[in-house]
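These are the residues of each chain, in order.
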Amino acid sequence: MEEREKFDLIEERMRAIEGIGDYPFANMEELCLVPDVVIPPKFKVSDFDKYKGTTCPKNHLKMYCQKMGAYSRDEKLSMHFFQKSFVGAAITWYTNLEASQIRSWNDLMAAFIRQYQYNTNIAPDRIQL
């Protein structure tokens, strides 16, 4: 019996290494918040100021929308590239969002503001002044 359990454990590890089986990340579409986004030909991602989770989220949204400029009417594109404006804890927050909860740009903005709302009530520090 003990040998069979060892064999099953080894077999399971081999499947994990080889990528065979039904694992949570097997479906690429499940990893994307906006899986059906269409990126226009010759689209170039702007250089965004990276949000770390320590400043006003509303100001970050304003700057992001200004950088997206010509593409601001493309909701899926805005949602998809919003992740490029994050770093550190903020990117972790974004990657943990559930696609079932975020169905539109407004949902994403509301979730972002809700997550980092506490930063709007903090007095500016010496660096921000």
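Higher on the page you've got the structure.
Please read these numbers as outputs of a predicted model, since none were measured by experiment.

What counts and what doesn't
Residues numbered from 1 in each chain as written. Predicted model: local features only at pLDDT ≥ 70, side-chain atom pairs only at ≥ 80, totals over all residues. Heavy atoms only, no water. Helix = DSSP H or I, 4+ residues; strand = E, 2+ residues; numbered from the N terminus. Buried < 20%, exposed > 50% of the residue type's maximum accessible area, 1.4 Å probe, protein only. Contact = heavy atoms within 4.5 Å. Areas by Shrake-Rupley, 256 points an atom, 1.4 Å probe, with all protein chains shown as cover. Salt bridge = Lys/Arg side-chain N within 4 Å of Asp/Glu carboxyl O. Core = buried A, V, L, I, M, F, W, Y, C linked by side-chain atoms within 4.5 Å.

Chemist: Let's hear about the overall build of the protein chain: which residues, and what values?
Modeler: Counting its regular elements, the protein chain contains six helices and zero strands. Each of the 129 residues in the protein chain was classed as buried or not, and the buried ones make up 26%. Of all intrachain contacts in the protein chain linking residues separated by at least 6 positions in sequence, the fraction that spans at least 24 positions is 65%. For the protein chain, the accessible area works out to roughly 9800 Å², and carbon and sulfur atoms hold 53% of it.

Chemist: Can you break down the pattern of salt bridges residue by residue, with the values?
Modeler: Two side chains of opposite charge can pair, provided their charged atoms sit close to one another. Across all of its chains, the model carries three salt bridges by this definition. Here Asp8 makes a salt bridge to Arg4, at a shortest N to O gap of 3.6 Å. Placement of both Asp8 and Arg4 in helix H1 (residues 2-18) is noted, with a separation of four residues, approximately one turn of the helix.

Chemist: An account of the nonpolar core is requested, with residue identities and associated values reported.
Modeler: Counting residues in each nonpolar core, the largest one holds 25 residues, and the members touching the most others are Phe82, Phe86, Trp93, Leu108 and Phe112. Broken down by secondary-structure element, the contributors of at least two residues to this core are helix H3 (57-68), helix H4 (75-81), helix H5 (89-95) and helix H6 (105-116). What Phe112 contacts, discounting residues up to four positions off in sequence, is Tyr51, Pro57, His60, Leu61, Phe82, Phe86 and Trp93.

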